Amino acid sequence: MEAPQPPGLSPRRELLTSQVIVLLEDDELIRRATERMLRRFGAEVVTGTGSREVLDVLSDRGLTASCVIADYWLGREESGLAAATAVCKSGWLHPAAPP
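Values in this document were obtained by computation on a predicted structure and should not be read as measured data.

Undergrad: What am I meant to see in the environment of isoleucine 69 here?
TA: Mapped onto the elements, isoleucine 69 comes out in strand S3 (residues 67–70). Taking the C-alpha atoms as reference points, isoleucine 69 and leucine 23, 46 residues apart in sequence, are found 4.9 Å from one another. With near-sequence residues (within four places) excluded, isoleucine 69 lies in contact with Ile21, Val22, Leu23, Leu24 and Leu38.

Shown next as structure tokens:
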């Protein structure tokens, strides 16, 4: 049972409503758990193990990301920093999002 919310505060499930979050994570268990948590807060989550994968999804669905969350160690082909940078430079990150 959740504790009652103080007046004027939104319930947790609405904190990220209308936000599109890119989640770059190569560990499936961590990716699924983090995605589930973000969805509980109301976010739409695009997940992948690298920039190419998430950029394809953003493009196919016509979404603009609000934020990028990346694991630094994604694997041999791309670091999380390189993947996040690629998403930021792609034009699929909302212009109001910090670089």
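Undergrad: I keep staring at the packing of aromatic side chains and nothing clicks. Help me out?
TA: Given two aromatic rings, their pairing is described by the distance between the two centres and the angle made by the two planes. A full pass over the atoms with the stated rule returns 1 aromatic pair. Geometrically, the ring pair formed by tyrosine 72 and tryptophan 73 is edge-to-face, given 5.0 Å between the ring centres and 90 degrees between the ring planes. We classify tyrosine 72 as partly exposed; its relative accessible area is 44%.

Undergrad: Would you take a moment to explain the sheet that holds strand S2 (residues 44–48) for this structure?
TA: Sheet strands pair by backbone hydrogen bonding; their relative direction is either parallel or antiparallel. Read across the sheet, 3 strands follow the order S2-S1-S3 without closing on themselves; strand pairing throughout is parallel. At either end of the open sheet lies a strand with only one pairing partner, and these are S2 and S3. Within the sheet, the average angular offset between the axes of one strand and its neighbour, ignoring direction, is 20 degrees. Relative to S3, strand S1 (residues 20–24) is paired through 4 bridges, and the arrangement is parallel. Looking across to S3, one finds that leucine 24 is bridged to alanine 70. Along the sheet, helix H1 (residues 28–40) makes contact with S1, S2 and S3, crossing S2 at roughly 165 degrees.

Undergrad: Honestly, the pattern of salt bridges in this entry has me stumped. Any pointers?
TA: A side chain of one charge can pair with a side chain of the opposite charge when the charged atoms of the two come close. Within this structure, the stated rule accounts for 3 salt bridges. With its nearest N and O atoms 2.8 Å apart, the salt bridge here joins glutamate 35 to arginine 39. Here the residue glutamate 35 and the residue arginine 39 both occupy positions in helix H1, the gap between them amounting to 4 residues, near one helical turn.

Cut-off values and rules
- Residues numbered from 1 in each chain as written.
- Predicted model: local features only at pLDDT ≥ 70, side-chain atom pairs only at ≥ 80, totals over all residues.
- Heavy atoms only, no water.
- Helix = DSSP H or I, 4+ residues; strand = E, 2+ residues; numbered from the N terminus.
- Contact = heavy atoms within 4.5 Å.
- Phe/Tyr/Trp six-rings, centres within 6.5 Å; stacked < 30°, edge-to-face > 60°.
- Buried < 20%, exposed > 50% of the residue type's maximum accessible area, 1.4 Å probe, protein only.
- Pairing = 2+ DSSP bridges.
- Axes fitted to C-alpha atoms, helices over the stretch in contact; angles between N-to-C directions.
- Salt bridge = Lys/Arg side-chain N within 4 Å of Asp/Glu carboxyl O.

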